[in-house]
Amino acid sequence: MTTRAKLTVYSALATALASLCLIPLLTTKGWIAHAVLVVAAVAAVGAGLRRTPFYRWTVPVGQLLVLFVLLLVGFASSGAVFGGVVPGTESVRGLGQVLAQGFKDVQDYAIPAPPSPGLRLILVGSVGLIAVAVDAVAVTYRRSALAGLPLLALYSVGNGLAGDEGSWLWFATAAAGYLVLLFAEGQDRVSRWGRVFRGAERGEGGPGALGQNGRQVGVLALVLALLVPAFLPGWGSGLLLTGSGTTAGRAGGAGVSSLDPMVALTGALPNPRNVELFTYVLSGPGAESSYLRTGALDAFDGAAWERRSSSTIAFGGAMPDPDGLKNAELPTLTGNVAISNQLDEAWLPVAYPAKSVELPDTSAWQLDPVTASLIPTRKRAIKGIAYGFTSLDVQPTATDLRKAPAAGERVGRQYLEVPALPPVVEKTALDVTRNAKTTYDKMEALRAWFTNGSQFTYDTTVKPDSGGDAIARFLTDRRGFCVHFASTMAVMARMLKVPSRVALGFTPGDTKGNNTYTVTDAMYHAWPELYFEGYGWLRFEPTPGRGVQPDYADPVSAPATQPTTAPAPQPQVTAPVQVPSANPDCDAKARRTGDCGDRRDTATGAGDESLLPSGRTLAVLGAVLLLLALLLTPMVWRTLLRRRRLGAGGRRRPGGPGPGGLTDAQVLAAWEELIDSAWDLGIPPDDSRTPRAAARRIAESAELDEASAAAAGRVAVATERVLYARSAEIGGPLAADVRTAREGLRAHAGRRGRIRALLLPPSSAQLRWRISEALLTARLAARSRTARAAGAVTGPVRRLLTRRRDRGGPDGGHGAGRS
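J.: Can you walk me through the sheet that holds strand S2 (residues 292–297) in this structure?
T.: Hydrogen bonds between backbone atoms are what pair the strands of a sheet, whose relative direction is either parallel or antiparallel. The strand order across the open sheet built from four strands is S2-S13-S16-S17, with neighbouring strands paired in antiparallel fashion. Only two strands of the sheet have a single partner each, and these edge strands are S2 and strand S17 (536–539). In this sheet, adjacent strand axes meet at a mean angle of 35° when their direction is disregarded. Alignment of strand S13 (residues 500–506) against strand S16 (residues 524–532), held across seven bridges, turns out to be antiparallel. Bridge pairing links Ser 500 to Leu 530 in S16. Strands in contact with helix H15 (residues 482–495) are S13 and S16; relative to S16, the strand with the most contacts, it is inclined by about 15°.

This is the structure we're talking about:
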C-alpha cells in the first residue's frame, strides 16, 4: 500500500473513531453506521480524485458534492425523481426542512435525545464535514499534524454536549486514531530521510529507531493524558458551563429542561424497544381506562403543535384548578408511580386533571399553569423516582355534553386560532359533520369517522409531521399513527369552532392485578383534548386500535352515511396495528385497547434502530458510486496509461537494445503517447503515414512552435530507427520530448479542447476496443473449451457406434450359426 493510500485509510479511521464520542447524544446507535458509511464514501472519492490530474483544491470540492448527494439520498429521498433514485429539487427543499427541524429539535431535546431525522442529519452531516476536512489536510495537502484541529473540534463538541454521559473511552479512541495518522505520515518522512543518511543501523539511531521512538512517545503521551487527570483536584465547569448544569431551552422558566413530549413520542413509537418505563397503582372508578398525561400543546402555527406560553412557576405540590370545570365534587383517582431507570427524560405523567402531586423533591420541577404540566428543571430529574398524585375522575354523559353551552370568549380567543391550511382539511371536516347538530355530536362524528367508517390505517412508518401539508396528505393517504390522528382532529375541531389542543402521555398500562399497571415505551400516545364549558378539557380518542374510548363516547352519534366528497378509502397495507387476541388471559381493558397481541410482533417495533443503512440507501449509494466510476473511467485510464508510458520512455537503460539505452517497447510507448495526445486534443491518428510524416502532420495541424515540432520530430525519428534500423543512438530520454510536444498541442487546443481531452479523451476508445477484444478472445476460448469437453464426452460413444456398424450389427453375423 502506498503512503497516500495509508494516509487515506488512517484519516478515515481517525474521523470514525473521533465520531464515537457523539454516540451518547441520541438514545439509539444506528446512526453511527450511517456516519461511518459517509466517512468511507468521502475517503473513497478523495482517493479517486487524487489519482486524476485535477488541481488539489478540487478534491475537497468533489468530496463536499458527494457528501451533499449522500445526505439528500439518506434524509430527503421522498423528493427524488426517476423512480425515487435520483435526488431532485424537491429533495433539496426537503433536506432544508429536515435540517431546520433538526435545529429546532436541538432546542427541544435534552441529552440523550430521540433519533429524529433532523438530529441524525446534523450528526451525520457534521461527521461528514469533519471527514472532508481531515482528508483534505492530512492526505491532499500532507499536513497530518494540523488534522488534529478538526478532530479536536469534533471531540470537544461531542464530549461537551454528552456531559455526564461522556467517558474517557471516547478520548482514548479519538486520540488513538490521531496517533495512527501521525505515525503513518511520520513513517513516510523518516523513511525518506533514511534514504539520505544511510550510515546508521536500525539499532544505532537509524530510521527504524526514530520511528520506534516516535511511537513510544505517542503512546506514553496518550497514557499520561488518561491517567494524570485522575490524580488532579476537580475543577469547576469553566467558561462553557457557568450555571447549575441544567439545560435551559425554549420551554422557558428558570432552569427548565425543555424536552418536548411530542418529540419524545415521535422518537419512541416508530422503533419501540418494549422496555418497562414505569409501574403505577391506581384506584378509583375509572382507573382501568385512565390515561397518564405528561403535557399538552395548545398552539398551532401551521407547521407544528407547540406550547403557547413558555412561562413556568415554582411547584409546591398543589395543582391549579382545572380550566372550565364547574363541579369540583367529583370522584377521585389516587395513584402511586414508580419510574424505572429506563425513563430518564420526560415530563411528569399524572392522570388529568390532577389536584395534587407528592414529589420527593419539588424543587426539581416547574409547573406550567396553562396546560397543568410538570416540567423538570434538571436532567434526569424523573429517573428512578417514586411519587403519588390525586386526580379528579371527570366522566360526563353524552347527554350532558350535548347540553353544554358554548365556550367563553377567553377560551375561544386562545384555542380557536387556525392558520391558512389546504382546503381539503376544512372541506372534509364540514362533510363529516354536516348531519350533526350539537357541538358534541360534531366531535363524536369526527371521532367515529376516524375510528370506524373510513378504514384509516395505523402505521408508525409514516413521517411524524403535524403541519398543514402533512394533515392534507394524511387525509388523502389515510395512513399514520396517533400524532396524525390527534393533530388532524384537533385542527378540524378548531375549524368547527370547538376549542382544542393536543395532549401527550401514555395509554393505560398492562394490568398486573391489584390495581397495578405496567407501562412500556410502546404505550406513548397523543390524543386531542376538546373544551366543553362546565366540564373543562375532555379526552377524545380518534386513533383506531389504540387506547380506550371514554364512557361519554356515544356510538349513536356517528354519521349514518359517509361523506360522499371525502377521499375514497385506500387499500389496506401492512401496518403495525395490534390485533386483539382470543387469549383467555386478555382482560376486557386490554381487548378495548387492542393490546392483547404480542407487542413485539409489530412491523416496526422490533427493537432498536437498525445499525445498517436501509437497502434503498445502499442501492442509491451504489448507483451514485457506479455512475461516478463510469464517468471517471476514461479519464483515470488515460492518466494511468500516460504515466506508465512516460515513465517507460523517461528511464534510460545503458546497454539496452534501443536508442540511447531505451528498449524498443519504451520508444514505441513514447510514440503511442504522442499520437494519443494529439488525438485527445483534436488531431485523429492516420495509420497510413510513416512516423516522420505523422509528426509533420501533427505539427502543421496544431501549428506547433519550433521547440514542440522539433520534440515531436525526435520522437518520430527514434520510432523509425526502432522499426527500420538495426541500432541507433539518440541524445536523451523521450519522455521530455513527448511532454514538450504535448504542451504545444494543449496550447493550440484552447480551453474547451483541453477540458474535453481531460474528461472525455477520444483515445479512451482504445479501452473499449481492448475490452471487446478481450471478451471476443474469452468467448472463443470458452467455445473451444466447450467443444473439447463435448468431444471428450461424446468421442467414445461415437467410436463405439462406428465399430458396431463396421462389424455388421450387434450379433456380428453369427446369429445363423446358433440354429
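Still more to cover.
J.: Looking at this structure, I do not really get unusual backbone geometry. What am I missing?
T.: Among all residues save glycine, negative phi is the norm, and among peptide bonds the norm is trans. Cis peptide bonds are those with omega within 30 degrees of zero, and the linkage from Tyr 352 to Pro 353 qualifies with -5°. Considering the arrangement of structural elements, one finds Pro 353 in the loop between strand S6 (332–339) and strand S7 (354–358). Phi at Ala 372 is positive, roughly 55°, even though this residue is not glycine. By secondary structure assignment, the location of Ala 372 is in the loop between strand S8 (365–368) and strand S9 (373–376). At Arg 478, a residue that is not glycine, the phi angle is positive and equals roughly 60°.

J.: Can you walk me through the pattern of salt bridges in this structure?
T.: Two side chains with opposite charge may pair up if their charged atoms get near one another. If you walk through the whole model with that rule in mind, you get 16 salt bridges. Across the salt bridge formed by Asp 431 and Lys 427, the nearest N and O atoms sit 3.3 Å from each other. In this pair, Asp 431 and Lys 427 both sit in helix H12 (residues 423–432), four residues apart, roughly one turn of the helix. Notably, a salt bridge pairs Asp 459 with Arg 479, separated by 2.2 Å at the nearest N-O pair. On the criterion of sequence distance, the pair formed by Asp 459 in the loop between strand S11 (457–458) and helix H14 (468–477) and Arg 479 in strand S12 (residues 479–480) is long-range, its members being 20 residues apart. Given a relative accessible area of 2%, Asp 459 falls into the buried group. Its relative accessible area of 27% is what places Arg 479 among the partly exposed residues. Within the structure, one salt-bridge network assembled from shared partners comprises Arg 293, Arg 501 and Glu 529.

J.: Would you mind showing me how to read a positive patch on the surface here?
T.: On the surface, Arg 4, Arg 51, Arg 56, Arg 143 and Arg 643 cluster together to form a positively charged patch. Tracing the backbone shows Arg 4 in helix H1 (residues 3–19). For Arg 4, a relative accessible area of 34% gives the class partly exposed.

J.: Is there a simple way to explain the sheet that holds S9 in this structure?
T.: Taking strand neighbours across the sheet as the criterion, the three strands line up as S5-S8-S9 in an open arrangement whose pairing is antiparallel. Sheet topology places strand S5 (313–314) and S9 at the edges, where each strand pairs with a single neighbour. When S5 meets S8, the two strands line up antiparallel, connected through two bridges. Considered in S8, the bridge of Ile 313 is made with Leu 367.

J.: What am I meant to see in H12 here?
T.: Two residues of an α-helix separated by three or four positions point the same way, owing to the 3.6 residues in each turn. All of the buried residues along H12 are Val 425, Thr 428, Ala 429, Asp 431 and Val 432. Down the axis, H12 shows its buried residues gathered within 165° of arc, on one side only.

J.: Is there a simple way to explain the packing of aromatic side chains in this structure?
T.: Any aromatic ring pair is given by two values, namely how distant the centres are and how the planes are angled relative to each other. Summed over all chains, the structure comprises 19 aromatic pairs. Relative to Phe 485, the ring of Phe 474 has its centre 4.9 Å away and its plane inclined at 80°; by these criteria the two rings are edge-to-face. Residue Phe 474 is found in helix H14, and its partner Phe 485 is found in helix H15; the two are separated by 11 residues along the sequence. Each member of the pair, Phe 474 together with Phe 485, is buried. A ring pair is formed by Phe 506 and Tyr 524, whose centres lie 4.7 Å apart and whose planes are at 40°; its orientation type is tilted. In this pair, Phe 506 is assigned in strand S13 and Tyr 524 in strand S16, connecting sequence segments 18 residues apart. Judged by relative accessible area, Phe 506 falls into the buried class, the value being 2%. Here the aromatic residues Phe 278, Tyr 280, Phe 506, Tyr 517 and Tyr 524 are joined through ring pairs into a cluster of three or more. In this structure, Arg 308 is placed above the aromatic ring of Tyr 415, and the distance from its NZ or CZ to the ring centre is 5.8 Å. Its end group placed over the ring of Tyr 291, Arg 539 keeps NZ or CZ at 3.9 Å from the ring centre.

Each value, and the rule that gives it
Residues numbered from 1 in each chain as written. Predicted model: local features only at pLDDT ≥ 70, side-chain atom pairs only at ≥ 80, totals over all residues. Heavy atoms only, no water. Pairing = 2+ DSSP bridges. Helix = DSSP H or I, 4+ residues; strand = E, 2+ residues; numbered from the N terminus. Axes fitted to C-alpha atoms, helices over the stretch in contact; angles between N-to-C directions. Contact = heavy atoms within 4.5 Å. Salt bridge = Lys/Arg side-chain N within 4 Å of Asp/Glu carboxyl O. Buried < 20%, exposed > 50% of the residue type's maximum accessible area, 1.4 Å probe, protein only. Patch = residues over 30% accessible without salt bridge, like charges linked within 9 Å, V, L, I, M, F, W, Y side chains within 5 Å. Areas by Shrake-Rupley, 256 points an atom, 1.4 Å probe, with all protein chains shown as cover. Lys, Arg positive; Asp, Glu negative; His and termini not counted. Charge placed at Lys NZ, Arg CZ, Asp CG, Glu CD. Arc of directions from axis to C-beta. Phe/Tyr/Trp six-rings, centres within 6.5 Å; stacked < 30°, edge-to-face > 60°. Lys NZ or Arg CZ within 6 Å of the ring centre and 35° of its normal.

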